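# Coordinate analysis (summary)
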Amino acid sequence: MKTIFSPRHAGHAGNVELMTGKIMPAFEMPSRAEFIRARAEEVGLGPILPPDAFDLDTARRVHDPAYVDFMPTVWERWTAAGFDGTALPYTWPTRGLRGDVVPDAIEAQLGYYSFDAGAGFVEGTWDAIRSSHDVALTAASLVSGGERAAFALCRPPGHHAGRAFMGGYCYLNNASIAAQWLLDHGAGKVSILDVDYHHGNGTQEIFYGRGDVQVLNLHGDPKVEYPYFLGHADERGEGEGEGFNHNYPLPWGTDWDGWGAALVDACLKLVAYGPDVVVVSLGVDTFERDPISKFKLVTEDYPKIGRRIEALGLPTLFVMEGGYAVEEIGVNAVGVLTGFEEGN
Ligand code: OKP
Ligand code: ZN
């Protein structure tokens, strides 16, 4: 299958995150994408192609347009205000404060448009976000043009970004924008299967009230795992979306037995829904040696994921999300894709 990749991801570098009481270098770093690209090349997955340029109209259909327009302004306004380092929020409009008045100050607008301090901006961040978006839509256009599958090697990732908020290394929700694009170009229904270790809270929120996108999520139990405030089994969708959201919160220590069983169940739900296209939010932070995660999948498990998804027999768009065991991320992510190709 073809991989879409842009070197412009690399401008998003040297980022930091607030984690358990300390500002630390972010686990989400440029070498992640480079290891995946190198492995795709090494195993001969297929051509590695640059993205085409897309406008942000589709992004404005899944995100609040004001949120989309905010992001390109962040770095310039942050430096104009006399700040340096990483642009990060420090106040959030949580319960008891007013969430209906947008403040003027950049450091406060960052809080208005985020749910944590895990999505900072440096000078090259917006350009990287924009390239990641183009990567996702270029790969989506291949799939809607008849390719059986395509791999969007997105960086930064997207599944924590909601209609009007960033967080958890995510800014534009690449998988959701791609799903919307597929709907706008001939698909009647799309399923998003999110296999990243963390719950894709942004994707869930975006499609929660809609029946044309089914969202299936396998992840660490939010009672004890990031993003903590969404991802429980009783969240099933609402209104038109009632019954089209499925969460599989799994305990720390889950290995292939438990994880693979959840995948089989999710695939049954997917088949029952009958989508025209599958979008896979592909995170490989389920790996046993991932530094921020607590599942126990091993390298040999990743091709099994790909084979299971291939057996659905549907056009499939893989969109890269998380995975922080940098040395092994390439082998594991590309393992899913070669597993898919073997089945195909
Ligand atoms: C992004 B993706 C846990 C710190 C968590 C944010 C994690 C974001 C993961 N101690 N920091 O879903 O892989
Ligand atoms: Zn993750």
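Residues numbered from 1 in each chain as written. Chains lettered and ligands numbered in written order. Predicted model: local features only at pLDDT ≥ 70, side-chain atom pairs only at ≥ 80, totals over all residues.

- You'll find the protein chain entered in an unreviewed UniProt entry as Histone deacetylase family protein, with Aquibium carbonis given as the organism.
- Per UniProt, the protein chain carries the Cofactor (unreviewed entry) text "Zn(2+)".
- Entered under Sequence similarities (unreviewed entry) in the UniProt record, the comment concerning the protein chain runs "Belongs to the histone deacetylase family." (UniProt positions renumbered as here; feature names shortened; annotations may be inferred.)

### Comments concerning the overall build of the protein chain
- A count of helices and strands for the protein chain gives eleven helices and ten strands.
- Viewed in the frame of its principal axes, the protein chain has a C-alpha envelope of about 55 × 45 × 40 Å.
- The buried share of the protein chain, taken over its 344 residues, is 55%.
- Restricting to contacts in the protein chain with at least 6 residues of sequence separation, those with at least 24 account for 75%. (Helix = DSSP H or I, 4+ residues; strand = E, 2+ residues; numbered from the N terminus. Buried ≥ 20, exposed ≤ 12 C-beta atoms within 10 Å, placed from the backbone. Contact = placed C-beta atoms within 7 Å.)

### Here we look at the sheet that holds strand β8 (residues 245-250)
- Strand order in this open sheet of eight strands is β4-β1-β5-β10-β9-β6-β7-β8, and the pairing throughout is parallel. For this open sheet the edge positions go to β4 (48-49) and β8, each flanked by a neighbour on one side alone. (Pairing = 2+ DSSP bridges.)

### A look at the site of ligand 1
- Lining the immediate surroundings of ligand 1 are 16 residues, of which Gly-118, Gly-168, His-198, Tyr-226 and Gly-322 lie closest.
- Grouping the amino acids of the shell around ligand 1 by side-chain chemistry returns five nonpolar, seven polar and four charged. (Near = placed C-beta within 6 Å. Nonpolar A, V, L, I, M, F, W, Y, C, P; charged D, E, K, R; others polar.)

### Re the nonpolar core
- With 100 residues, the main nonpolar core has Ala-139, Ala-152, Ala-178, Val-279, Leu-317 and Val-319 as its most contacted residues.
- In terms of residue count, the dominant contributor to this core is helix α6 (residues 125-144) (nine residues).
- Look past the residues within four positions of Leu-317 in its chain and what remains in contact with it is Ala-139, Ala-140, Val-143, Ala-150, Ala-152, Ala-178, Val-277, Val-279 and Val-280. (Core = buried A, V, L, I, M, F, W, Y, C linked by C-beta atoms within 7 Å.)

### Regarding unusual backbone geometry
- A cis amide bond links Arg-155 with the next residue in sequence, Pro-156, at an omega value of 0°.
- Mapped onto the fold, Pro-156 is located in the loop between β5 (149-152) and α7 (174-184).
- The omega torsion across Tyr-226 and Pro-227 is 5°, close enough to zero to call that bond cis.
- Here Pro-227 is to be found in the loop between β7 (213-220) and β8.
- Look at Tyr-169: it is not a glycine, yet its phi comes out positive at around 70°.
- Along the polypeptide, Tyr-169 turns up in the loop between β5 and α7.
- Looking at Tyr-169, the number of C-beta atoms within 10 Å reads 27, which means it is buried.

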